[in-house]
Amino acid sequence: MDVLLRINGREHRIAVDVRTTLLDALRDQLDLTGTKKGCDLGQCGACTVLMDGRRVLSCFTLAVAAQGAEITTIEGLATDGALHPMQQAFLEQDAYQCGYCTPGQILSAIACVAEGHAGSDDAVREYMSGNLCRCAAYPRIVAAVREASVRMGAG
Ligand code: FES
Ligand code: FES
């Protein structure tokens, strides 16, 4: 089936098997490998992207169902060479070790702030609980989200 996906402000027309997940379409057909495959079972959050500003698990979203939405991946966050405030905060707070979970953490964190769920460390821990980090960088991730929420005008 031909699908038209709008990703990071650009339209992409690709042919997919109707069972293809958005995650596999991004990584395997569009070479947008910043979105990571962890469990492929909807349990780790590594594949998180934004659809119309809402966080979704791209391993649990069919590519055909993503048509008509504005999809944002980690590749679409920096503008004119400047990192998104959440990316900058992760960098400054050293909020990663191996980095594999980081793209999903950052996309999820942006939505967490937009939802108004970054007002306290406890709220961040609660609303970021769907994003696992096997390196256990959680304290630094919470600090980064809290710092970015201030820079984004929500803290
Ligand atoms: Fe999608 Fe783990 S790869 S939730
Ligand atoms: Fe390694 Fe999170 S930084 S899994």
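Up top is the structure.
Everything numeric in this text was worked out from a predicted model, so none of it was measured. (Residues numbered from 1 in each chain as written. Chains lettered and ligands numbered in written order. Predicted model: local features only at pLDDT ≥ 70, side-chain atom pairs only at ≥ 80, totals over all residues. Heavy atoms only, no water.)

### Some points on the overall build of the protein chain
Within the protein chain, the regular secondary structure consists of 5 helices and 5 strands. Starting at the N terminus and ending at the C terminus, the protein chain contains elements arranged as β-β-α-β-β-β-α-α-α-α. For the protein chain, the C-alpha radius of gyration of 15 Å lies close to 15 Å, the compact-globule estimate for 155 residues. Split into buried and exposed, the 155 residues of the protein chain put 45% on the buried side. (Helix = DSSP H or I, 4+ residues; strand = E, 2+ residues; numbered from the N terminus. Rg over C-alpha atoms; globule rule 2.2 N^0.38 Å. Buried < 20%, exposed > 50% of the residue type's maximum accessible area, 1.4 Å probe, protein only.)

### Thoughts on the environment of Ile-110
Note on placement: Ile-110 falls in helix α3 (residues 102–114). Through-space distance from the C-alpha of Ile-110 to that of Leu-50 is 9.0 Å; in sequence the pair is 60 residues apart. Excluding its chain neighbours within four sequence positions, the residues that come into contact with Ile-110 are Leu-50, Leu-77, His-84, Met-86 and Met-152. (Contact = heavy atoms within 4.5 Å.)

### Here we look at the sheet that holds strand β1 (residues 2–7)
The strands making up a sheet are joined through hydrogen bonds of the backbone, oriented either antiparallel or parallel. The 5 strands are arranged β2-β1-β5-β3-β4 in an open sheet whose pairing can be described as mixed. Since the sheet does not close on itself, it has two edges, and those belong to β2 (10–15) and β4 (54–57), each with one partner. Each strand of the sheet is rotated relative to its neighbour by a mean of 40°, with strand direction disregarded. Two elements, strand β3 (residues 48–51) and β4, share 4 bridges in a ladder whose sense is antiparallel. Following the sheet pairing, Met-51 is matched in β4 by Arg-54. Docked against the sheet, α3 engages β3, β4 and β5 (70–72), running at close to 40° with respect to β3. (Pairing = 2+ DSSP bridges. Axes fitted to C-alpha atoms, helices over the stretch in contact; angles between N-to-C directions.)

### Describing helix α2 (residues 85–93)
Listing the buried residues of α2 in full gives Met-86, Gln-87, Ala-89, Phe-90 and Gln-93. Burial along α2 is one-sided: seen end-on, the buried residues are contained in an arc of 165°. Those residues of α2 that are buried lie in contact with α3 and α5 (138–151). (Arc of directions from axis to C-beta.)

### Some remarks on the pattern of salt bridges
Evaluation of the coordinates by the stated rule reveals 9 salt bridges. Linking Lys-37 and Asp-40 is a salt bridge whose minimum nitrogen-to-oxygen distance equals 3.5 Å. Looking at Lys-37, the relative accessible area reads 29%, which means it is partly exposed. Asp-40 sits in the partly exposed class, given a relative accessible area of 33%. Here Arg-55 ties to Glu-115 by a salt bridge, and the two come within 2.8 Å at their closest N and O atoms. Here Arg-55, found in strand β4, pairs with Glu-115, found in the loop between α3 and α4 (121–127); they are 60 residues apart in sequence, far enough to count as distant. Overlapping salt bridges bring together Asp-24, Lys-37 and Asp-40 as one network. (Salt bridge = Lys/Arg side-chain N within 4 Å of Asp/Glu carboxyl O.)

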